[in-house]
Amino acid sequence: MASRKLLKKQINEVCGELFADCVALKMCEQCSDEVINQVMAEILQLRLEFVARISHTEKGSVRLFYKKLREEFTAQAEAISRKIIEA
């Protein structure tokens, strides 16, 4: 199992990349500002939620907790990525 510090760093990197994609789209003016602003807010909320969840690990089933956390983060990050592509 990776350290919590490394996991937080990976989450920050993924969210940073998604946010950078939104900024690039906004600068190209190829889509609505409202849509991009909403997606950017979702990315920030995603980062805050998952970093907070890592900081408060459930006792007992640690391995299962991190497996579930990774699966949920991946699913939500992919959903946001699809929104960026559609915008």
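This text goes with the structure placed above it.
From a predicted model like this one, the values you see are computed outputs, not experimental measurements.

Undergrad: I keep staring at the environment of Val14 and nothing clicks. Help me out?
TA: Along the chain, Val14 turns up in helix H1 (residues 4-28). Judged by its relative accessible area of 32%, Val14 is partly exposed. Sequence separation of Val14 and Ala77 is 63 residues, and the distance between their C-alpha atoms is 7.9 Å. Not counting the four nearest positions on each side in its chain, Val14 is found in contact with Phe73 and Ala77.

Undergrad: Mind showing me how you'd approach the packing of aromatic side chains here?
TA: Geometry of an aromatic ring pair is reported as the spacing of the ring centres plus the angle between the planes. Scanning the entire structure with this criterion turns up two aromatic pairs. Taking the centre distance of 5.3 Å and the plane angle of 75 degrees together, the rings of Phe50 and Phe73 count as edge-to-face. Of the two residues, Phe50 is situated in helix H2 (residues 33-55) and Phe73 in helix H3 (residues 62-86); the sequence distance between them amounts to 23 residues. Exposure remark for Phe50: the relative accessible area of 0% places this residue in the buried category. On the basis of relative accessible area, Phe73 is assigned to the buried category, the value being 9%. Between Phe65 and Tyr66, the ring centres sit 5.3 Å apart and the planes meet at 75 degrees, which makes this aromatic pair edge-to-face.

Undergrad: Even after reading the chapter, I still don't get the pattern of salt bridges, so can you show me in this structure?
TA: Side-chain pairs of opposite charge can arise where the charged atoms are in close proximity. Taken as a whole and judged by the stated rule, the model has four salt bridges. With its nearest N and O atoms 2.8 Å apart, the salt bridge here joins Lys83 to Glu42. Of this pair, Lys83 sits in helix H3 while Glu42 sits in helix H2, and the two are 41 residues apart along the sequence. Here Glu42 falls in the partly exposed class, since its relative accessible area comes to 23%. Arg53 is paired through a salt bridge with Glu49; the nearest N and O atoms lie 3.7 Å apart. Of this pair, Arg53 and Glu49 both sit in helix H2, four residues apart, roughly one helical turn. Connected through shared salt-bridge partners, Glu49, Arg53, Lys68 and Glu72 make up one network.

What counts, and where the lines are drawn
Residues numbered from 1 in each chain as written. Predicted model: local features only at pLDDT ≥ 70, side-chain atom pairs only at ≥ 80, totals over all residues. Heavy atoms only, no water. Helix = DSSP H or I, 4+ residues; strand = E, 2+ residues; numbered from the N terminus. Buried < 20%, exposed > 50% of the residue type's maximum accessible area, 1.4 Å probe, protein only. Contact = heavy atoms within 4.5 Å. Phe/Tyr/Trp six-rings, centres within 6.5 Å; stacked < 30°, edge-to-face > 60°. Salt bridge = Lys/Arg side-chain N within 4 Å of Asp/Glu carboxyl O.

Shape is all these values report; function is a separate question.
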